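Observations on the model geometry
The lines below spell out each chain.
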Amino acid sequence: MLKIDIIEELEKELSNSDYNNYIKKLTYKKASSSSELIVFEAPNKFLANYIKTKFTSTIQNICFNLIGSKPSVEIKLVGEKRRSKKDILSEQISSSIPENTMLNQSYTFDLFVVGSSNQMAFNASKAVSDKLGILYNPLFIYGGTGLGKTHLLQAIGNKAIEENKIVIYVTIEQFMNDFTFSIKTNKMENFRSKYRKCDLLLIDDVQFLSGKEETQKELFHTFNELHTSNKQIILTSDKLPSQIAGLEERLKSRFEWGLTTDVQIPGLETKIAIIEKKSELNGILLSKEIINYIATTLDNSVREIEGLLIKINASADLMGQSIDLHLVQNLLKDQIKEKKDNIKLPNIIEVVSNQLNIKPSDLKSSKRTANVVNGRRIVIYLARELTLNSMPDIAKFLGMKDHSSVSKNISKANELIEKDENFRLNLENLKNKIINKDY
Ligand code: ADP
Ligand code: MG
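Residues numbered from 1 in each chain as written. Chains lettered and ligands numbered in written order. Predicted model: local features only at pLDDT ≥ 70, side-chain atom pairs only at ≥ 80, totals over all residues. Heavy atoms only, no water.

**Some remarks on the sheet that holds strand E7 (residues 232-237)**
Strands sit in the order E5-E6-E7-E4-E8 across an open sheet of 5 strands; the sheet is parallel. Edge positions in the sheet fall to strand E5 (167-171) and strand E8 (259-263), since each has one partner strand and no second. Neighbour to neighbour, the strand axes of the sheet diverge by 15° on average, direction disregarded. Against the sheet, helix H5 (residues 119-130) engages strand E4 (139-143), E7 and E8, with an angle of about 135° to E8. (Pairing = 2+ DSSP bridges. Helix = DSSP H or I, 4+ residues; strand = E, 2+ residues; numbered from the N terminus. Axes fitted to C-alpha atoms, helices over the stretch in contact; angles between N-to-C directions. Contact = heavy atoms within 4.5 Å.)

Take a look at the structure:
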């Protein structure tokens, strides 16, 4: 009796989403004869914790109205075998290093959240996956770090494996290591038959081909062999083929033979959808408020969002804390501080210098050419935003007289962010590379 009434009363009392997301998943177990204790079962610890913190007093008030007393509320776990610390850690480790030779099973189309930032790349990947070797060959996916290129690449691979295709997934570095090892050990025949006899060759991060002449030559022949026999090739990179410095013209043109598509930084709605999906997958229950808070605070890569969810999961599980906004704010603060601690001024100079093709010594000089002035402004803006350095620190590092010119540069950068879309995008891209240590 009591069970039905309580759940029914809760439905009346709470919002639809609170009821459907949380309360509906509870099972009522028992009330002690004295009605001093009522027990529910929840399918997992996160739900149990969440309900206990958020809804205990509502449940108690309802009981008071029904039976005239306020019992203690206990939420027990059911079904779920509790994961050991070891399980949780190994899960975290495997999800934080997807770039090994094995395909990550969780990189599937189903688990990829589609929004306007990645719609084209997703559609192209699915289309190619349905018609391997026939539709767009090669498919070239490019874009910033942590935005889902590897995920899409491996989703195509996972699907092809299900269809019993021979699939090879390598990063360009693995391809190169495999190649040099094969030369050294006189096993080039094995190497060639391996790479030229597959149905689907997936090569991740081809921007690292820059200046690797021998590897480029070998890849060129592999490419031709596969392409003529209608075997599918898919490549990812952080930039367009035409922007990869030191890439042979003939490879550049081949990379552009099929379809080139990009992934961009997700907008707010997509970020929210990603957080919802990832937390659901990990059995973490987050309120709308927390999800919004994360989505608006973390503004770059999806990888960064995942990092935070792993921390939330670990704190809730290992330390027995419930997930509330306060916990998330603290973890986020730590994550942001840790990030800033790890970014040093020379890292910023390195990335800006590489990407904008300006010598580090010029960035630190007082040279006034437009290109250098722009580069220096970007360094200053990023230094302020991404590191713990003060304006005087930054001025000193760049050999400037005092911090007033640092502050002027920051104002100018903010102005440009408002009115110059290209400037803003460029800045986001650089920020993303620095945060993800992609240098
Ligand atoms: P990239 O190769 O572009 O650097 P990844 O594919 O490694 O990025 O993505 C980083 C992490 O973010 C992965 O764990 C991936 O599953 C996740 N991710 C990125 N974009 C999405 C998305 N749209 N939906 C779901 N997960 C995503
Ligand atoms: Mg990648």
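**As for the site of ligand 1**
Within the structure, ligand 1 sits among 18 residues, and Val-113, Gly-146, Thr-150, His-151 and Glu-306 are positioned closest to it. In this structure, an oxygen atom belonging to ligand 1 sits 3.1 Å away from a main-chain N or O atom of Gly-148. Taking Thr-150, its side chain carries an N or O atom lying 2.7 Å from an oxygen atom of ligand 1. Looking at the shell around ligand 1 residue by residue, the class counts come to 7 nonpolar, 7 polar and 4 charged. There are two domains that each give the shell around ligand 1 at least three residues, and those are domain 2 (119-263) and domain 3 (268-340). (Near = heavy atom within 4 Å. Polar contact = N/O pair within 3.5 Å; in protein donor to acceptor, adjacent residues only side chain to side chain. Nonpolar A, V, L, I, M, F, W, Y, C, P; charged D, E, K, R; others polar. Domains from an automatic or database assignment.)

**So, the domain arrangement of the protein chain**
Split by domain assignment, the protein chain resolves into domain 1 (6-95), domain 2 (119-263), domain 3 (268-340) and domain 4 (345-435). The C-alpha centroid of domain 4 is placed 34 Å from the C-alpha centroid of domain 2. With 5 residues of domain 2 at the interface, the matching set in domain 4 holds 4 residues. The tally of links between domain 2 and domain 4 comes to 1 salt bridge. Our count for the domain 2 to domain 4 interface comes out at 2 residue pairs in polar contact (both at pLDDT 80 or more). A class-by-class count of the residues in the side of domain 2 that touches domain 4 yields 1 nonpolar, 2 polar and 2 charged. (Salt bridge = Lys/Arg side-chain N within 4 Å of Asp/Glu carboxyl O.)

**Some points on the pairing of E4**
Burial within E4 is extensive, with 5 of its 5 residues counted as buried. Judged by which residues are buried, E4 turns out to be covered on both faces: Leu-139, Ile-141 and Gly-143 on one side and Phe-140 and Tyr-142 on the other are all buried. As defined by bridge partners, E4 adjoins E7 across 4 bridges and the pair is classed as parallel. The partner of Leu-139 across the bridge, within E7, is Ile-234. With 5 bridges joining them, E4 and E8 adopt parallel strand pairing. Looking across to E8, one finds that Ile-141 is bridged to Thr-261. (Buried < 20%, exposed > 50% of the residue type's maximum accessible area, 1.4 Å probe, protein only.)

**Considerations on the packing of helix H19 (residues 403-419) against helix H20 (residues 421-435)**
Between H19 and H20, whose axes approach to 6 Å, the crossing angle comes to 110°. Accordingly, the angle class assigned to the pair H19 and H20 is roughly perpendicular. Classified by chirality, the crossing of H20 by H19 is left-handed. In this structure, H19 uses Ala-413, Leu-416, Ile-417 and Lys-419 to contact H20, whose residues at the interface are Glu-421, Phe-423, Arg-424 and Leu-427. For the contact of H19 with H20, the residue count by class is 5 nonpolar, no polar and 3 charged. (Parallel < 35°, antiparallel > 145°, perpendicular 65-115°, else oblique. Left-handed = near helix turned anticlockwise from the far one by under 90°.)

**What to know about the packing of helix H7 (residues 172-184) against helix H8 (residues 188-196)**
Relative to each other, H7 and H8 sit at 145°, their axes nearing to 8 Å. Residue-level inspection shows Phe-175, Asp-178, Phe-179, Ser-182 and Ile-183 of H7 in contact with H8, the latter providing Met-188, Phe-191, Lys-194 and Tyr-195. Looking at the contact of H7 with H8, its residues break down into 6 nonpolar, 1 polar and 2 charged.

**Brief notes about H7**
When the terminal C-alpha atoms of H7 are compared, their 18 Å separation across 13 residues agrees well with the 18 Å that a helix rising 1.5 Å per residue should span. Taken together, the buried positions of H7 are Ile-172, Phe-175, Met-176, Asp-178, Phe-179 and Ser-182. The arc enclosing the buried residues of H7, seen along the axis, measures out at 165°, which places them on a common side. Where H7 is buried, its residues touch E5, H8, strand E6 (200-204) and helix H9 (213-228). At the exit of H7 stands Asn-186, carrying a positive phi of roughly 55°. (Expected span 1.5 Å × (residues − 1). Arc of directions from axis to C-beta.)

**A few points about the pairing of E7**
Side-chain direction in a regular strand flips from residue to residue, so the side chains alternate between the two faces of the sheet. Taking burial as the measure, the 6 residues of E7 include 6 buried ones, the bulk of the element. Neither face of E7 is exposed, since Gln-232, Ile-234 and Thr-236 on one face and Ile-233, Leu-235 and Ser-237 on the opposite face are all buried. Taken together, the 4 bridges between E6 and E7 define a ladder with parallel strand orientation. When the bridges of E7 are listed, Leu-202 appears paired with Ile-234. Regarding the hand of the β-α-β motif, the stretch spanning E6, H9 and E7 is right-handed. (Right-handed = clockwise from strand over helix to strand, strands pointing away.)

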